[in-house]
Amino acid sequence: MIAFTLTNYCGCGSSAILGVFDTMEAALERMRVLAAHTDPGDEYRVECFEVKTFDEEVENTERVLRSRAEWKAKQAKMEEDD
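Everything in this summary refers to the structure shown in the same document. The residue numbering used here restarts from 1 in each chain and proceeds along that chain's sequence as written. A pLDDT threshold of at least 70 governs which residues receive local features in this predicted model, and a stricter bar of 80 or more applies before side-chain atom pairs are shown or counted, although totals over entire chains, interfaces and linings include all residues. With hydrogens and water stripped out, all remaining heavy atoms of the structure feed into the side-chain values.

1. A look at the overall build of the protein chain
Here's step 1: By definition, any uninterrupted DSSP run of H or I lasting at least four residues is a helix, any uninterrupted run of E lasting at least two residues is a strand, and each is numbered from the N terminus. Per the secondary structure count, the protein chain includes two helices and three strands.
Here's step 2: Reading the helices (α) and strands (β) of the protein chain from amino to carboxyl end gives β-β-α-β-α.
Here's step 3: C-alpha atoms define the radius of gyration in this analysis, and the globule rule sets the expected value at 2.2 Å times the number of residues to the power 0.38. Taken against the 2.2 N^0.38 rule, which gives 12 Å for 82 residues, the C-alpha radius of gyration of the protein chain at 22 Å runs more than 25% over that of a compact globule.
Here's step 4: Along the three orthogonal principal directions, the C-alpha set of the protein chain runs to about 70 × 25 × 15 Å.

Put into structure tokens, the structure is as follows:
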């Protein structure tokens, strides 16, 4: 799942997350509503994040650990052959 956040960066240095959205269009719609209320110097940023489930992360961790173990075994075999 992909999630988009809309963050306001105020000219005074503070920031506030204004929303988390499932599409870029939803984030831009919120920006359209906010456009009439912005102050000079205010900045808005839309960021994209990939949201993973626990099961997806477990699967990824196991895949990475298997890959590392295979690489270490290959390295050890290469050192033996030398």
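2. Overview of the environment of Tyr 44
Here's step 1: Along the chain, Tyr 44 turns up in strand β3 (residues 43-50).
Here's step 2: It is 9.6 Å that separates the C-alpha atoms of Tyr 44 and Ile 17, two residues lying 27 residues apart in sequence.
Here's step 3: Dropping the residues within four chain positions of it, Tyr 44 is found in contact with Leu 6, Thr 7, Asn 8, Leu 18, Met 31, Leu 34 and Thr 38. Note on contacts: a residue pair is in contact if any heavy atoms of the two residues lie within 4.5 Å.

3. Observations concerning the sheet that holds β3
Here's step 1: Here the rule is simple: two strands pair whenever DSSP picks up at least two bridges between them. In spatial order, the strands read β2-β1-β3; together these three strands make up an open sheet with antiparallel pairing. The open sheet has two edge strands, β2 (15-21) and β3, and neither has a second partner. Going from strand to strand, the sheet's axes swing by 25 degrees on average, the running direction of each strand aside.
Here's step 2: Sheet analysis places strand β1 (residues 2-9) next to β2, joined by six bridges and oriented antiparallel. Paired with Leu 6 across the two strands is Gly 19, which belongs to β2.
Here's step 3: The sheet strands contacting helix α1 (residues 24-34) are β1, β2 and β3, and the helix crosses β2 at an angle near 135 degrees. Orientation is described by axes fitted as lines to C-alpha atoms, over the contacting stretch for helices, and by angles from 0 to 180 degrees between their N-to-C directions.

4. As for the pattern of salt bridges
Here's step 1: By convention in these notes, a salt bridge is any Lys or Arg side-chain nitrogen within 4 Å of a carboxyl oxygen on Asp or Glu. Evaluation of the coordinates by the stated rule reveals two salt bridges.
Here's step 2: Glu 29 serves as the salt-bridge partner of Arg 32, at 2.6 Å between the closest nitrogen and oxygen. Here Arg 32 pairs with Glu 29, and both are found in helix α1, just three residues apart, close to one helical turn.
Here's step 3: A salt bridge links Lys 52 to Glu 50, with the nearest nitrogen and oxygen atoms 3.2 Å apart.
Here's step 4: For Lys 52, a relative accessible area of 43% corresponds to the partly exposed category.
Here's step 5: On the basis of relative accessibility, which here comes to 55%, the residue Glu 50 falls in the exposed class. Only protein chains enter the area calculation, which uses a 1.4 Å probe; residues under 20% of their type maximum are buried, those over 50% are exposed, and those in between are partly exposed.

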